[in-house]
Amino acid sequence: MAQLRAFESAKRTGRAIPEIVCFEKQADWGGQWNFDWRTGVDQHGEPVHSSMYRNLWSNGPKEALEFAEYTFDEHFGKPISSYPPREVLWDYINGRVERSDVKQYVRFSTVARWVEYDAASETFSVTVENVKTGATETERFDHVIVATGHFSTPNVPQFDGIATFQGSLRHAHDFRGAEDLADKDVLLIGASYSAEDIGVQAFKMGARSVTFSYRTAPMGFDWPNGMEELPLVTSFEGDTVHFTNGAERRFDAVVLCTGYLHHYPFLRDDLALSSPNNVYPDGLYRGVVREGSDRLFYLGAQDQWFTFNMFDAQAWFARDVILGDIELPSAEERRAHMDAWLARFAKLESAADQVRFQADYIRDLIEQTDYPMFDLDEVVRIFLAWKHDKQENILTYRDKVYPSVMTGTMAAAHHTPWLQELDDSLERYLSSPEPNGVERLVGDEAAAPVTTAVSPAAS
Ligand SMILES: Cc1cc2nc3c(=O)[nH]c(=O)nc-3n(C[C@H](O)[C@H](O)[C@H](O)COP(=O)(O)OP(=O)(O)OC[C@H]3O[C@@H](n4cnc5c(N)ncnc54)[C@H](O)[C@@H]3O)c2cc1C
Ligand SMILES: NC(=O)c1ccc[n+]([C@@H]2O[C@H](COP(=O)([O-])OP(=O)(O)OC[C@H]3O[C@@H](n4cnc5c(N)ncnc54)[C@H](OP(=O)(O)O)[C@@H]3O)[C@@H](O)[C@H]2O)c1
C-alpha cells in the first residue's frame with residue numbers, strides 16, 4: 001500500500017510512472033490488518049496470512065506510526081485515542097489508499113508462486129496463480145518489490161513431551177481471541193510482544209492464571225496477582241509443565257508466542273532474504289535493495305519499532321531508485337554501506353538504542369526523497385515514554401494519550417478504559433456512549449479513562 005501510494009504521489013506531480021502490478025493473495029488489502037477468522041489454511045487452501053486476533057488493539061501509540069502525508073486528523077476529522085483497535089487502524093490505512101486511485105493496480109486473490117531473474121534480459125519472470133480460478137500466468141517485470149511481511153510463518157519449537165499435552169495448544173499465529181481462556185490456567189512461551197499482549201488479553205478475559213516462560217530474559221513488568229514469569233520450559237508431562245528452575249505447574253492452555261520466520265517460497269535462495277528477525281537484516285542495502293540484484297526490493301523486512309511511516313520512507317526510496325532519481329552506488333560500495341550499519345547495529349545494547357537506530361535509518365531514507373520529513377526525535381521520545389508507561393502499569397498504558405508529531409493534535413482519551421472495553425468494533429470506538437449502569441454505580445473514578453498526558457519529554 002505504501003509503494004502504491006509512493007508512485008501515486010509522484011504521478012500527481014506530473015511524473016510518468018511505470019506500469020505497476022500488485023499481486024495480493026487475499027481478497028482485500030491491509031496485510032496483517034486484514035483480519036481472518038480462519039486458522040491454518042484459507043478457503044483456497046493457502047496458508048492464512050494474518051496473525052491478528054479479534055480483540056487486538058495497537059500495542060504502540062498511533063502517534064509513532066502516523067503517516068507524514070496522511071494524518072489521523074485528516075482521516076477521522078476528530079481526535080481519537082492513542083491506542084486504537086485493529087479495525088480502526090485498518091480503516092486509516094485503507095482510507096489513505098482509497099483516496100488515491102491505486103486499487104486499479106492490484107490483482108486480488110492472486111498469489112505470487114515463483115519469481116525468476118533472467119540476467120540476459122535483466123528482467124524477472126513472475127508466475128502467479130489466481131486462487132479463485134486456479135489460472136496461472138507468467139509475466140515479465142523490470143523490478144520486483146517484495147512486501148509480503150515476515151510475521152506470518154510461525155516459528156514452532158519442539159519441547160520434550162509436548163505431544164502429551166492434553167489442553168489447548170496453539171501458536172500465536174493461530175490465536176483469534178482470549179474468550180475461551182476464561183477460568184483457565186494459561187501458559188505463554190516467549191517473552192516478547194505476542195506473549196505480553198496475549199497474556200494481558202487472557203487476563204482481561206478472566207483467565208484464572210497467566211504464566212509466561214522466557215528463554216533469554218523476563219519481560220519484567222509489574223504483573224498483577226495471577227500473572228507470573230518463569231524461565232524456560234524443559235518438558236511437558238500430560239497437563240504438567242516443568243521449568244528450568246525446577247518449578248512445575250498444571251495448565252489448561254498453552255500459546256507458543258515464539259515468533260516468526262522470514263519465508264519467501266516464491267524466491268530462489270540467492271534472492272530470498274534469510275535472516276533472524278532484527279532491526280537490520282543483512283543483505284539489504286539501505287534496508288531495501290537486495291544484495292545480488294539492484295532490481296529487487298524488500299519493504300518492511302526489519303523488526304519494527306516504527307511501522308507505517310518507516311514503510312513509507314522505504315517505499316519512497318524504492319520508487320526513486322526505480323524512477324532513476326536515486327543512483328545506486330556500486331555493489332562494493334553498497335556492501336561497505338551495509339557493513340557500516342551492521343557494525344552500528346551490533347553495538348546496540350538496549351531497546352532505546354534500537355529505537356534511535358531505526359529513527360536514524362528512516363531519517364537517512366527520507367533525506368533522499370520528497371517524503372515529508374517529520375520530527376523523528378519526537379517520535380523517539382514518544383516511544384521511550386510508552387515504554388515507561390508500560391513499566392508503570394501494563395494493564396493501563398493504553399489509556400494514556402500523546403500529541404501527534406505531524407499535527408500537534410492531542411489524542412482524545414477513549415470513552416472506556418481499555419481493561420473494561422469489551423467491544424473492539426470501529427462503531428463502538430468512534431461512538432460517544434452514555435456510561436452504563438455499572439459505570440454509573442462505581443462512579444467517575446473507576447469509569448473515567450486515564451487522561452494523564454505523558455509528556456514525551458519524560459524520557
Ligand atoms: C499480531 C501482530 C500485531 C501487530 N500489531 C501492530 C501494531 O499494533 N502496530 C503496528 O504499528 N504494527 C503492528 N504489527 C506489525 C505489522 O507487521 C505491521 O503493522 C504491518 O502490517 C506490516 O506490513 P507489511 O506490508 O510489511 O506485511 P503484512 O501486513 O504481513 O502484509 C503482507 C501482505 O502480503 C500478502 N502476501 C504474502 N505472500 C504473498 C504471495 N506469495 N503472493 C501475494 N501476496 C502475498 C499477504 O496476503 C499480505 O496482505 C503487528 C504484527 C503482528 C503480527
Ligand atoms: N497488540 C499488538 O499490537 C501486537 C500483539 C502481538 C504481536 N504484535 C507484533 O507482532 C510482531 C511479532 O512479535 P512476537 O512476539 O510474535 O515475536 P518476536 O518479537 O520475534 O518474539 C519472539 C519471542 O519468542 C521467543 N522464542 C523464540 N524461540 C523460542 C524457543 N525455542 N523457546 C522459547 N522462546 C522462544 C523469543 O525469545 P528470545 O528473546 O530468547 O529470542 C522471543 O521472546 C511484533 O512486531 C509485535 O509488535 C503486536
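Residues numbered from 1 in each chain as written. Chains lettered and ligands numbered in written order. Predicted model: local features only at pLDDT ≥ 70, side-chain atom pairs only at ≥ 80, totals over all residues.

A. Highlighting the overall build of the protein. Broken down by element type, the protein carries 11 helices and 19 strands. Taking 459 residues into account, the globule formula puts the C-alpha radius of gyration at 23 Å, and the protein, at 23 Å, falls close to it. Counting only C-alpha atoms, the protein reaches 70 × 50 × 50 Å along its principal axes. In the protein, which comprises 459 residues, the proportion classed as buried is 37%. A separation threshold of at least 6 residues defines the contact pool for the protein, and within that pool the share at least 24 residues apart is 64%. (Helix = DSSP H or I, 4+ residues; strand = E, 2+ residues; numbered from the N terminus. Rg over C-alpha atoms; globule rule 2.2 N^0.38 Å. Buried ≥ 20, exposed ≤ 12 C-beta atoms within 10 Å, placed from the backbone. Contact = placed C-beta atoms within 7 Å.)

B. Quick look at the site of ligand 1. In the vicinity of ligand 1 there are 26 residues, among which G31, G149, F151, G300 and T307 approach most closely. Of the residues that constitute the shell around ligand 1, the class distribution is 10 nonpolar, 14 polar and two charged. (Near = placed C-beta within 6 Å. Nonpolar A, V, L, I, M, F, W, Y, C, P; charged D, E, K, R; others polar.)

C. Fine view of the sheet that holds strand β11 (residues 227-230). With parallel pairing, five strands are arranged side by side in an open sheet as β8-β15-β9-β10-β11. Among the strands making up the open sheet, the edge pair consists of β8 (168-171) and β11. For this sheet, the mean inter-axis angle between neighbouring strands, taken without regard to orientation, is 15°. Looking at chain direction, strand β9 (residues 185-189) and strand β15 (residues 253-256) are connected through four bridges and run parallel. For L187, the partnering residue across the bridge sits in β15 and is V254. Against the sheet, helix α4 (residues 193-204) makes contact with β9, β10 (209-213), β11 and β15, and its axis sits at roughly 170° relative to β10, the strand it touches most. (Pairing = 2+ DSSP bridges. Axes fitted to C-alpha atoms, helices over the stretch in contact; angles between N-to-C directions.)

D. Up close: unusual backbone geometry. Positive phi is not limited to glycine here, since E122 has a value of about 50°. In this structure E122 comes out as exposed when scored by C-beta crowding, with 12 C-beta atoms within 10 Å.

E. Region of interest: helix α3 (residues 86-98). Over its 13 residues, α3 runs 18 Å from end to end, which matches the ideal 18 Å to within 8%, given 1.5 Å per residue. Looking at α3, one finds that the buried residues are R86, E87, V88, L89, W90, Y92, I93 and R96. (Expected span 1.5 Å × (residues − 1).)

F. Broad picture of helix α1 (residues 2-12). Looking only at α1, the buried set comprises A2, Q3, L4, R5, A6, F7 and S9. Tucked inside the fold, the buried residues of α1 contact β1 (22-23), α3, β6 (144-146) and α5 (308-323). Positive phi appears at G14, one or two residues downstream of α1, with a value of about 95°.

G. Up close: the environment of F7. Assignment of secondary structure puts F7 in helix α1. The class for F7 is buried, based on 22 C-beta atoms found within 10 Å. Placed 11 residues apart in sequence, F7 and P18 show a C-alpha to C-alpha distance of 8.6 Å. Residues contacting F7, with those up to four places away along its chain left out, are I17, I20 and R319.

H. Structural view of the domain arrangement of the protein. We note that the domain assignment places domain 1 (2-152 + 260-378) and domain 2 (162-256) within the protein. Inter-centroid distance (C-alpha atoms) of domain 1 to domain 2 is 32 Å. At the junction of the two partners, domain 1 supplies seven residues and domain 2 supplies 10 residues. By residue class, the composition of the side of domain 1 that touches domain 2 is two nonpolar, four polar and one charged. (Domains from an automatic or database assignment.)

I. Quick look at the site of ligand 2. The full set close to ligand 2 counts 23 residues, and N59, P157, S192, S194 and G259 are the nearest of them. In terms of residue count, α4 provides more of the shell around ligand 2 than any other element does, three residues in total. Viewed by domain, the shell around ligand 2 spans two of them, domain 1 (2-152 + 260-378) and domain 2 (162-256), each represented by three or more residues.

J. Region of interest: the environment of F236. Inspection of the secondary structure assignment puts F236 in strand β12 (residues 233-237). It is 51 Å that separates the C-alpha atoms of F236 and R140, two residues lying 96 residues apart in sequence. With near-sequence residues (within four places) excluded, F236 lies in contact with F159, D160, G161, I162, T164, F165 and V241.

K. A look at the packing of α5 against helix α7 (residues 351-366). Put simply, α5 and α7 touch, their axes get as near as 9 Å, and they point 35° apart. Helix-helix and strand crossings are classified by hand; for α5 and α7 the assignment is left-handed. Contacts between α5 and α7 involve M310, A313, Q314 and F317 from the first element and Q358, I362, L365 and I366 from the second. When the residues that make up the contact of α5 with α7 are grouped by side-chain class, the tally is six nonpolar, two polar and no charged. (Left-handed = near helix turned anticlockwise from the far one by under 90°.)

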